[in-house]
Protein chains: 2
Amino acid sequence: MGGDHGPSVVVPGVRDYRNRHGGEGVRFILHGNETAIRAEMVKVGLTDEVCIVRHTDKVVAMDEKPAQAMRRGKGSSLWNAIEAVKSGEAGAMVSAGNTGALMAISKLLLRMSAPGLERPAIVASWPTPKGYTAVLDVGANIESDAAQLVEFAIMGEAFMTAVHGVAKPTIGILNVGSEDMKGHEAVREAARLLREGGFGLDYYGFVEGTDISRGTVDVVVTDGFTGNIALKTAEGLAKFIAALMKEALTSSLIAKLGALLAMSALKRMSQKIDPNAINGGPLLGLNGVVVKSHGGATPGGFGAAIRVAVELGRSDYMEQVGVNLQRLTALLARPNFSSADEPVGENTQ
Amino acid sequence: MGGDHGPSVVVPGVRDYRNRHGGEGVRFILHGNETAIRAEMVKVGLTDEVCIVRHTDKVVAMDEKPAQAMRRGKGSSLWNAIEAVKSGEAGAMVSAGNTGALMAISKLLLRMSAPGLERPAIVASWPTPKGYTAVLDVGANIESDAAQLVEFAIMGEAFMTAVHGVAKPTIGILNVGSEDMKGHEAVREAARLLREGGFGLDYYGFVEGTDISRGTVDVVVTDGFTGNIALKTAEGLAKFIAALMKEALTSSLIAKLGALLAMSALKRMSQKIDPNAINGGPLLGLNGVVVKSHGGATPGGFGAAIRVAVELGRSDYMEQVGVNLQRLTALLARPNFSSADEPVGENTQ
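This one's a predicted model, so the numbers in the text were calculated from it and none came from an experiment.

Within chain A, the secondary structure is distributed over 12 helices and 10 strands. Radius of gyration (C-alpha) of chain A: 21 Å, near the 20 Å computed for a compact globule of 349 residues. Taking the principal axes of the C-alpha coordinates as reference, chain A spans close to 65 × 60 × 35 Å. Expressed as a percentage of its 349 residues, the buried residues of chain A come to 54%. Considering only contacts in chain A between residues 6 or more positions apart, those separated by 24 or more positions represent 71%.

We now examine the relation of the copies chain B and chain A. Mapping chain B onto chain A is achieved by rotating through 180° and translating by 0.0 Å along the same axis, at an RMSD of 0.0 Å. Each copy turns onto its partner about a two-fold axis. Ranked by how close their C-alpha atoms come to the rotation axis, the residues of chain B are headed by Gly-258 of chain B, at 1.8 Å. The share of interface residues of chain B whose copies in chain A are also at the interface is 100%, consistent with both copies meeting through the same surface.

Looking now at the pairing of strand β4 (residues 121-128) of chain B. Residues and elements named next belong to chain B. Here β4 lies mainly inside the structure; seven of its eight residues are buried. Direction of pairing for β4 relative to strand β9 (residues 281-284): antiparallel, over a ladder of two bridges. Directly across from Ile-122, in β9, lies its bridge partner Leu-283. Adjacent in sequence and paired antiparallel, β4 and strand β5 (residues 131-136) are bridged by two residues.

The next point concerns the nonpolar core. In this structure, Ala-309 of chain A together with Ala-309 of chain B are the most contacted members of the largest nonpolar core, which totals 224 residues. Each of two domains, domain 1 (1-111 + 287-315) and domain 2 (125-285) of chain A, supplies a minimum of three residues to this core. Not counting residues within four places of it along the chain, the set of residues in contact with Ala-309 of chain B comprises Ala-92, Met-93, Val-94, Val-289 and Val-291 of chain B.

Turning to the sheet that holds β5 of chain B, a few remarks are in order. Residues and elements named next belong to chain B. Pairing is mixed across the open sheet formed by eight strands, whose spatial order is β3-β10-β9-β4-β5-β8-β6-β7. Every other strand in the sheet has two partners, leaving β3 (93-95) and β7 (202-207) as the edge strands with one partner each. Put simply, the sheet's adjacent strands are angled 30° from each other on average, direction ignored. Running over the sheet, helix α11 (residues 299-314) touches β3, β9 and β10 (290-292) and is turned about 160° from β3.

Turning our attention to the pairing of strand β1 (residues 28-32) of chain B. Residue and element names in this part refer to chain B. As paired elements, β1 and strand β2 (residues 51-55) share five bridges and run parallel to each other. Residue pairing for β2: Phe-28 is matched across the bridge by Cys-51. Once you follow β1 into helix α2 (residues 34-44) and on to β2, the crossover reads as right-handed.

Moving on to the domain arrangement of chain A. All names here are of chain A. Taken as a whole, chain A is organised into domain 1 (1-111 + 287-315) and domain 2 (125-285). Taking the mean C-alpha position of each, domain 1 and domain 2 sit 26 Å from one another. Counting from both sides, the interface comprises 19 residues of domain 1 and, opposite them, 11 residues of domain 2. Elements supplying a minimum of two residues to the side of domain 1 that touches domain 2: α5 (99-110), β10 (290-292) and α11 (299-314). Broken down by element, the side of domain 1 that touches domain 2 gets its largest block of residues, eight residues, from α11. Of the residues in the side of domain 1 that touches domain 2, the class split is nine nonpolar, seven polar and three charged.

Below, the discussion takes up the sheet that holds strand β4 (residues 121-128) of chain A. Residue and element names in this part refer to chain A. Strands sit in the order β3-β10-β9-β4-β5-β8-β6-β7 across an open sheet of eight strands; the sheet is mixed. With partners counted over all chains shown, the strands left at the sheet margins are β3 (93-95) and β7 (202-207), one partner each. The mean inter-strand angle of the sheet, taken between neighbouring strand axes irrespective of direction, is 30°. As paired elements, strand β5 (residues 131-136) and strand β8 (residues 219-221) share three bridges and run parallel to each other. The partner of Leu-136 across the bridge, within β8, is Val-221. In this fold helix α4 (residues 77-87) packs onto β3 and β10, with an angle of close to 160° to the strand it touches most, β3.

If you look at the interface, chain B gives 49 residues, while chain A gives 49 residues. Mapped by element, the contributors of at least two residues to the side of chain B that touches chain A are α8 (209-214), α9 (224-249) and α10 (253-272) of chain B. Top contributing element to the side of chain B that touches chain A by residue count: α9 of chain B, with 19 residues. Across the side of chain B that touches chain A, the residue classes break down as 28 nonpolar, 13 polar and eight charged.

This part is about the packing of helix α1 (residues 7-21) of chain B against α2 of chain B. Residues and elements named next belong to chain B. Running from N to C, α1 and α2 cross one another at 40°; their axes reach a closest spacing of 9 Å. If you check the angle between α1 and α2, you find them oblique. As α1 runs across α2, the sense of the crossing is right-handed. Residues Pro-7, Ser-8, Val-11, Pro-12 and Arg-15 of α1 touch α2, and the partners they reach there are Ala-36, Ile-37, Glu-40, Met-41 and Val-44.

Right, let's get into the environment of Ser-8 of chain A. Relative to the assigned elements, Ser-8 of chain A resides in helix α1 (residues 7-21). C-beta crowding within 10 Å serves as the criterion here: with 17 such atoms nearby, Ser-8 of chain A is assigned to the partly exposed category.

Quick look at the confidence of the model for chain A now. Residues and elements named next belong to chain A. Averaged over all residues, the pLDDT of chain A equals 90, while 96% of them reach at least 70. Between residues 339-349, whose pLDDT stays under 50, and residues either more than four places distant or in other chains, the model counts eight contacts. For this predicted complex, the interface confidence comes out at an ipTM of 0.87, alongside a pTM of 0.88.

All names here are of chain A. Looking at the secondary structure, you find Leu-328 in helix α12 (residues 317-333). Its 21 C-beta neighbours within 10 Å are what place Leu-328 among the buried residues. Sequence separation between Leu-328 and Leu-194 is 134 residues; the distance between their C-alpha atoms is 9.6 Å. In contact with Leu-328, other than residues within four places in its own chain, are Ala-147, Val-150, Glu-151, Ile-154 and Gly-197.

What follows concerns helix α6 (residues 146-164) of chain B. Residues and elements named next belong to chain B. In this model α6 runs 26 Å from its N-terminal to its C-terminal C-alpha over 19 residues, within 8% of the 27 Å that 1.5 Å per residue would give. In terms of residue burial, α6 counts as a mostly covered element, since 17 of its 19 residues are buried. Of the residues flanking the end of α6, it is Gly-165, one or two places downstream, whose phi is positive at about 65°.

Residue and element names in this part refer to chain A. With an omega dihedral of 0°, the bond running from Leu-136 to Asp-137 counts as a cis peptide bond. Along the chain, the position of Asp-137 falls in the loop between β5 and α6 (146-164). Of note in the backbone geometry, Arg-111 takes a positive phi value of approximately 70° without being a glycine. Checked against the element boundaries, Arg-111 lands in the loop between α5 and β4. Using a count of 12 C-beta atoms within 10 Å as the deciding quantity, one classes Arg-111 as exposed.

Residues and elements named next belong to chain B. For the pair α6 and helix α7 (residues 185-196), interaxial distance at closest approach is 8 Å and the crossing angle is 50°. Between α6 and α7, the angle is such that the two are oblique. Taken as a pair, α6 and α7 cross one another with a handedness that is right-handed. Judged by residue contacts, Ala-146, Leu-149, Val-150 and Ala-153 of α6 engage Ala-186, Val-187, Glu-189, Ala-190, Leu-193 and Leu-194 from α7. For the contact of α6 with α7, the per-class residue count stands at nine nonpolar, no polar and one charged.

About the criteria used
Residues numbered from 1 in each chain as written. Chains lettered and ligands numbered in written order. Predicted model: local features only at pLDDT ≥ 70, side-chain atom pairs only at ≥ 80, totals over all residues. Helix = DSSP H or I, 4+ residues; strand = E, 2+ residues; numbered from the N terminus. Rg over C-alpha atoms; globule rule 2.2 N^0.38 Å. Buried ≥ 20, exposed ≤ 12 C-beta atoms within 10 Å, placed from the backbone. Contact = placed C-beta atoms within 7 Å. Least-squares fit on C-alpha atoms with pLDDT ≥ 70 in both. Pairing = 2+ DSSP bridges. Core = buried A, V, L, I, M, F, W, Y, C linked by C-beta atoms within 7 Å. Domains from an automatic or database assignment. Axes fitted to C-alpha atoms, helices over the stretch in contact; angles between N-to-C directions. Right-handed = clockwise from strand over helix to strand, strands pointing away. Nonpolar A, V, L, I, M, F, W, Y, C, P; charged D, E, K, R; others polar. Parallel < 35°, antiparallel > 145°, perpendicular 65-115°, else oblique. Left-handed = near helix turned anticlockwise from the far one by under 90°. pLDDT = per-residue confidence, 0-100. Expected span 1.5 Å × (residues − 1).

What follows is the structure, given as C-alpha cells:
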C-alpha cells in the first residue's frame, strides 16, 4: 500500500519483475486492501498462483512519525509484511512506504544482527563505468565509530556478491585523502581493523569522493551522515546537469535538430544513471531481508527492487555476514584491539 | 612559481585578469625566478608599471610536506608572497602552489583571526541555476564543533557579499534532513547559535545535499570532512557524466552529426560548470587575503582566482568578519550558551 501510488505501481512491479528478471518459482504475498490489489492483479494478468493477497484495512501513512508507527502500526500492511519475514513465511520483503516507519518496525520485529549498529544501514548501488559500487551507510547511522564502519564493510561486501555478482569485492573507506594519517580517529581505526582483523575481505585503503563515480572500489564505506550527504549532493548535481542539458538542447532550432539526431544515443546514456534501474536499497544489519523502494518508483523501478530482495534472500548473504560479525565481536573483545583505550596516531604505523 | 606550469600560466593569468576583469589600478608583485618571469612578461606584453618582479631562486616543491615547507621555506616565492601580505605591501596573494604548504605558512605568518579554527577554511564557489553558492569548509578542518560551524557561516556570508555581490546572503547548515531534531550535536548547536546569537545573519535552517546544486541558500556551512567529500563526489560525478555524454555523442554517425549541430549550445552549457571559471578558493580565517588557485588552472582560471583576491582585498570583508567573530566569542563566554555543558536535545526546543 506504500509509496506515492500504492498497488497501482506495486502490482505492475511484480509483473515487471517476472517479465524482465525471471524469478522462477518466486511467489508473492501482497499485504493491503484486497479489493484494490485484486483490481490491479486483473489489469496486469497476475493470478493467485503467483500472488497471495493478505487483506488489511490498516496502513502506515507516508508522513507518520516512526515512534507513532511503532505504537499504532500493528496489523498494518507494512507491519504484516515484516512479520511474515520474521515468521519465516516470506524470504524477503519490499516496501515503497514510509522509510522511518519501515526502519523502526523492522528493527522492532526482526532485531539487529549487527551488534554495533543503532539502526539498519542503507546501501546505495552507485553507477560507475564498471557497473555499480555499493555505498553505505547512506542515511541511518549519523555518528559511526570504527566498529560500525567495519560492520558496513562486512555487509557491503556480502551485498555486492549476492546482488551484483562480484566474486571478491574490494573495499575502500571514504576519506579526505588516501594517505594513512588522513581523516579522523574512526576512519583510521576502521582501516586498522580491516587490515589486521583477519576478515578475509579485500581491503583497498582510503578512497576520496572522486573515487565513487570512478568505480575505484566495489564497496565504499562511510558514516551515515557523510554517505547521505554524498548521495544527495550527487542527486542534486545530476538533476542540475540534466536541466542544463535540456536547456541547451532546446535553446535554438539547430540545437533541437542536433538533439533529435543524437536522441537515441542520449537515451541509452541516461539509462545508465536512471534512478529506477538502480532502485532497491536493502536495510542491512537486520535478521531478515528488507528492501526499501523509492516512494515514487515506476513499476520497472519496483521490479528492480524486487530483484534485489530475491537475490539477497536466495543467497548465503546472512551466513557470510554472520561469520564476519562474530569475528569482529571477538576482535573487539581482545584488549589490544580496543579502540577506546588506545587511539591510533600518526606514529603508531 | 607554483602549480603545474609556474610563470607560463601565472603571468598570462595576470594579463587575462586585466583584459577580462579590468582591475583598474591593481598592481602585481611577482615572486620567483626573475629571468623566467620576465620572459613571460615580454611574451604577453606586461610592463614594470603593472608588475614588480621580486627575484628568489628558492621554491617550495609541489610534493613537499607542510611541516618541511614551514621549516625550510623561508625566502621561497611562496613565503615571500605571504610575507608581503603580512607587511602590508600587498593587499592579497594568489598561489597555484602546494596547498598544504600554503596553508601552513599562511597560518604561521598571518595567524588565524577566527579563534575556533585549527587551520584556514577553504570555500568553494558551487555553480547553481541562480549563480553560485559558497560551500565551506571543503577540506581543512576535519572535525568541526558548533563554534567552528558558526565561524564558517560568518566568513561565508562576508565572502558572498564581497566576491559574488550578494547583498544579504542566506545561510544553511548541511544536514541529513531539514527538521530541527535531525543530525548530530554540532549541527544542532550551531543552528541554535545562528538563530539566537544576534549576528544579523540571514539563517535559513538545515539544508540537504540536494539543496547545494539547487541554490536553495547562498552559503552552505559544513565541517571540512563532509564538505571535502561532497565537493569531490560532485567532481567525480561531473566527470563521469561528461565521459558518458562524449561516448554517447560519438557512438554513431547520426549521433556525431547531432552533436555537431548542438555543439555551440553544449559548449555554453559546459561553461556554466567549468572549473576554470570558478577557480580561486580563498583560505578564510586568516589575518590577510590568501587565495588558492588549482595547480592545473589555465591562464583564464588563474585570472579568475586573481579576481577573487582583488574583490576580497578591496571589500570590507575583514572588518565584517571581525565584528561577528567578536560577537561569537562574547556569546560563547556566556554560561547559558556553552555547548559543552548543556547539550541541545530534541526536548529543549
